[in-house]
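Observations on the three-dimensional arrangement
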Amino acid sequence: MALPTYACSSLLNAVFLAGGSPVVLDVRADDFCLDADAAADSGAKIAVAVHSFGCLSDIAAMKAAGLTVIEDCCHVLGGVAGGEGSAAIFSFYATKIITCGHGGLVWDHTGRVGTWVADYIRSDGRETYKPRFNFQLSDFQGAMLRRQFGRLPTVVARRRAIAARYAACLPDGVRLQRGLTEPSTMPYRFTLTLPDAGQRDRLQRALATAGIATIVPIERFELLHRYLQLPVGAFPNAERLADTTLSLPLYPALTDQEVDRISDALAGYSLE
Ligand SMILES: Cc1ncc(COP(=O)(O)O)c(C=O)c1O
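What counts as what
Residues numbered from 1 in each chain as written. Predicted model: local features only at pLDDT ≥ 70, side-chain atom pairs only at ≥ 80, totals over all residues. Heavy atoms only, no water. Helix = DSSP H or I, 4+ residues; strand = E, 2+ residues; numbered from the N terminus. Rg over C-alpha atoms; globule rule 2.2 N^0.38 Å. Contact = heavy atoms within 4.5 Å. Areas by Shrake-Rupley, 256 points an atom, 1.4 Å probe, with all protein chains shown as cover. Core = buried A, V, L, I, M, F, W, Y, C linked by side-chain atoms within 4.5 Å. Buried < 20%, exposed > 50% of the residue type's maximum accessible area, 1.4 Å probe, protein only. Domains from an automatic or database assignment. Pairing = 2+ DSSP bridges. Phe/Tyr/Trp six-rings, centres within 6.5 Å; stacked < 30°, edge-to-face > 60°. Polar contact = N/O pair within 3.5 Å; in protein donor to acceptor, adjacent residues only side chain to side chain. Buried area = accessible area lost by both parts, 1.4 Å probe. Salt bridge = Lys/Arg side-chain N within 4 Å of Asp/Glu carboxyl O. 1 Å grid on protein atoms, 1.4 Å probe; cavity = no way out; pocket = protein on both sides within 12 Å on 5 of 7 lines; lining within 4 Å. Points joined across faces, edges and corners; volume = space filled by probe spheres on them. Nonpolar A, V, L, I, M, F, W, Y, C, P; charged D, E, K, R; others polar.

1. Some points on the overall build of the protein chain
Secondary structure assignment for the protein chain yields 9 helices and 9 strands. Radius of gyration (C-alpha) of the protein chain: 19 Å, near the 19 Å computed for a compact globule of 272 residues. Projecting the C-alpha coordinates of the protein chain onto the three principal axes gives extents of approximately 65 × 45 × 30 Å. Pairs at least 24 apart in sequence give 56% of the contacts found in the protein chain among residues at least 6 apart. Surface summary for the protein chain: the accessible area is close to 13600 Å², and the carbon and sulfur share equals 54%.

2. Concerning the nonpolar core
If you look at the biggest cluster of nonpolar residues, it comprises 25 residues, and the most contacted ones within it are Tyr6, Leu77 and Ile97. Looking at this core, the elements with two or more residues in it are strand S5 (87–91), helix H5 (139–167) and helix H8 (236–244). If one sorts the elements of this core by residue count, H5 sits on top with 4 residues. Inspection of this core shows a minimum of three residues originating in each of domain 1 (2–141) and domain 2 (152–266). Those residues in contact with Ile97, other than ones at most four positions away along the chain, are Cys74, His75, Val76, Leu77, Leu152, Val155, Arg159, Met186 and Tyr188. Ranked by size, the runner-up nonpolar core spans 22 residues in total, among them Ala163, Val174, Leu192 and Leu248.

3. With respect to the sheet that holds strand S9 (residues 245–248)
Ordered in space as S7-S8-S9, the 3 strands form an open sheet in which the pairing is antiparallel. The outermost strands of the open sheet, each flanked by one partner alone, are strand S7 (175–176) and S9. With 2 bridges joining them, S7 and strand S8 (residues 190–193) adopt antiparallel strand pairing. Following the sheet pairing, Arg175 is matched in S8 by Thr193.

4. Focus: the packing of aromatic side chains
Counting across every chain of the model gives 9 aromatic pairs. Relative to Phe53, the ring of Phe32 has its centre 6.0 Å away and its plane inclined at 85°; by these criteria the two rings are edge-to-face. Residue Phe32 is located in the loop between strand S2 (23–25) and helix H2 (36–41), and its partner Phe53 is located in the loop between strand S3 (46–50) and helix H3 (59–64); the two are separated by 21 residues in the primary sequence. You'll find Phe32 and Phe53 in the same group, each marked buried. Ring geometry for Trp116 against Tyr120: centres 4.9 Å apart, planes inclined by 15°, an arrangement best described as stacked. Separated by 4 residues within a single helix, Trp116 and Tyr120 lie in helix H4 (residues 112–120), roughly one turn from each other.

5. What about the side chain of Gln177?
One can find Gln177 in the loop between S7 and S8. Gln177 sits in the buried class, given a relative accessible area of 2%. A distance of 2.9 Å separates the side chain of Gln177 from the backbone oxygen of Asp31, its partner in a polar contact. Beyond its immediate sequence surroundings of up to four residues, Gln177 is in contact with Asp30, Asp31, Phe32, Ser52, Phe53, Cys55 and Thr191.

6. Some points on the domain arrangement of the protein chain
Per the domain assignment, the segments making up the protein chain are domain 1 (2–141) and domain 2 (152–266). Centre-to-centre separation of domain 1 and domain 2, based on C-alpha positions: 23 Å. Each side of the interface is counted separately: domain 1 has 34 residues, and domain 2 has 35 residues. A combined buried area of about 2700 Å² lies between domain 1 and domain 2, and 66% of that area is made up of carbon and sulfur atoms. Joining domain 1 to domain 2, the criterion identifies 2 salt bridges. Here Arg178 and Asp31 are joined by a salt bridge, their closest N and O atoms 3.3 Å apart.

7. A closer look at the environment of Ala267
Among the secondary structure elements, Ala267 is positioned in helix H9 (residues 256–267). Taking the C-alpha atoms as reference points, Ala267 and Cys169, separated by 98 residues in sequence, lie 4.6 Å from one another.

8. What about the layout of surface pockets?
Estimates place the volume of the second largest pocket at around 380 Å³. Contributing to the lining of the second largest pocket are 21 residues, with Thr95, Arg159, Arg189, Leu250 and Tyr251 lying nearest its centre. For the lining of the second largest pocket, the elements supplying multiple residues, two or more each, are H5 and S9. Looking at which element gives the most residues to the lining of the second largest pocket, the answer is H5, with 4 residues. Class assignment for the residues of the lining of the second largest pocket results in 12 nonpolar, 5 polar and 4 charged. Domain assignment of the residues forming the lining of the second largest pocket places at least three in each of domain 1 (2–141) and domain 2 (152–266).

Okay, here's the thing in structure tokens:
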């Protein structure tokens, strides 16, 4: 199974749990997604394509190359992804677009994957035995999630408006993840790429001084090829992203005043 190195470590767990062999690949430097040609050339039969931070992975190209595609839609709920692949997965963890604390959703065209998953997460009252896990959502979580789904259009609109506002304030030399402000995406993170690590750290310090907390979205040590101790030289784009990216606050509860303050700080910043 081919998967991007610039991704959540849960994906590695999932591949191992499914009895697959991970083929960890570098990502594209501009949109942080799996490269369809690299996935096709990797010898893998299945690609786990992450719509990274809300930008759309090229599912059609992967399918055209003969791969079965599992779409990781954890960052793109509310965008237009989730339907082209053979199956799609969503997370409702606390930091996600909508949440019920923990848990997720699996979707597929045929319903076969859903039926298999439903069987896998409930072990009581079975006529036959196979290893199963109790990954069920509680009723309380389900109730919370139903309410949150009702709010999804508002959440999406607010996230898009904040991202558009920041995007209009980018200083020269600072790049935004490619595709993030397109209408089909769901801005989950607003991730900037700086020319080098020193410039990234300098921007982070400047924003911290202005009272604005930022994060490095994926650190070097979190890259999946590092967990598997693969040669770092084979993953130049992800290594560079870990050193040069910075993510600004982006969530619906930000007030207009806070968004203005962050936008102004960004607009007034100059690279050295
Ligand atoms: C892109 C991506 N895929 C998968 C996951 C795993 O989701 P969960 O924490 O619900 O297992 C996450 C969570 O952080 C994620 O960001």
